[in-house]
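Report on the structure
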Amino acid sequence: NAGVTQTPKFQVLKTGQSMTLQCAQDMNHEYMSWYRQDPGMGLRLIHYSVGAGITDQGEVPNGYNVSRSTTEDFPLRLLSAAPSQTSVYFCASVQQGATEAFFGQGTRLTVV
Amino acid sequence: GQQVMQIPQYQHVQEGEDFTTYCNSSTTLSNIQWYKQRPGGHPVFLIQLVKSGEVKKQKRLTFQFGEAKKNSSLHITATQTTDVGTYFCAGKTSNTGKLIFGQGTTLQVKP
């Protein structure tokens, strides 16, 4: 099993550009989440999903969209990138009824 | 909304000294989890506490969950250079995948 796979690992965007951060898991986990990590701020929840077709907002959802058309994939879309979205993004998945969240390797995004 | 606060933000210790990080939630938690993130890496699950007053040990690491299920602590005895990293607590208020993380405590260990 590959676990949780995030692509790309690094990305530089210009202000106003759009892009999609990909997240895929092959563990058949129902729950998937996106976090951003900034110095001194810890991991802040952006959006999460409890299953295919169901998504909800986390702590910092503004500027981000998500969808969950399949159990495996949970892409995060930036419609119009801003410098404030410069961060490290982590995707995580959890099996229903289980405890441990599995994280991807992260995407380091810089918006200039 | 639910908030999880963690202190201190940074801790520098001499190898062999003890280390403690504290976690406080604004709401009662159904459980609390602890994760470790090595520099440049991703968070990795350490443990989950569920019961009020629960104490669990993993070798030199001791985890506690408060009686009111609103606070928790991680204590490392006799730190080693391999303990370097950022330790996060994360709380759940319901049986969903929604985990709210604290700000993390970054531990530096001087050999």
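Residues numbered from 1 in each chain as written. Chains lettered and ligands numbered in written order. Predicted model: local features only at pLDDT ≥ 70, side-chain atom pairs only at ≥ 80, totals over all residues. Heavy atoms only, no water.

1. Quick word on the interface of chain A and chain B
Counting residues at the interface gives 19 residues for chain A, matched by 20 residues for chain B. In total, about 1,800 Å² of surface goes out of reach between chain A and chain B, with carbon and sulfur atoms giving 58% of it. Summed over the three residues of chain A that lose the most area to chain B, namely Leu43, Thr99 and Phe103 of chain A, the buried surface amounts to 27% of that side. In this assembly, chain A and chain B are joined by zero salt bridges. In this structure, the connection of chain A to chain B is made through five residue pairs in polar contact (both at pLDDT 80 or more). The class makeup of the residues in the side of chain A that touches chain B is ten nonpolar, seven polar and two charged. (Contact = heavy atoms within 4.5 Å. Buried area = accessible area lost by both parts, 1.4 Å probe. Salt bridge = Lys/Arg side-chain N within 4 Å of Asp/Glu carboxyl O. Polar contact = N/O pair within 3.5 Å; in protein donor to acceptor, adjacent residues only side chain to side chain. Nonpolar A, V, L, I, M, F, W, Y, C, P; charged D, E, K, R; others polar.)

2. Side note on the state of the cysteines
Residues and elements named next belong to chain A. Scanning all chains against the criterion turns up two disulfides over all chains. Between the sulfur of Cys23 and that of Cys91 lies a disulfide, 1.9 Å long from S to S. Looking down the S-S bond of the Cys23 and Cys91 bridge, the torsion is -70 degrees, so its handedness is left-handed. Placement of Cys23 in strand E3 (residues 19–25) and of Cys91 in strand E9 (residues 87–94) is noted, with a sequence separation of 68 residues between them. With a relative accessible area of 0%, Cys91 lands in the buried category. (Disulfide = S-S within 2.5 Å. Helix = DSSP H or I, 4+ residues; strand = E, 2+ residues; numbered from the N terminus. Buried < 20%, exposed > 50% of the residue type's maximum accessible area, 1.4 Å probe, protein only.)

3. Overview of the environment of Thr99 of chain A
With respect to the helices, strands and loops of the structure, Thr99 of chain A is situated in the loop between E9 and strand E10 (102–103). In this structure Thr99 of chain A comes out as partly exposed when scored by relative accessible area, which is 26%. Placed 46 residues apart in sequence, Thr99 of chain A and Gly53 of chain A show a C-alpha to C-alpha distance of 22 Å. Discounting chain neighbours no more than four positions away, the residues touching Thr99 of chain A are Val94 of chain A together with Gln33, Tyr35, Phe45 and Gln48 of chain B.

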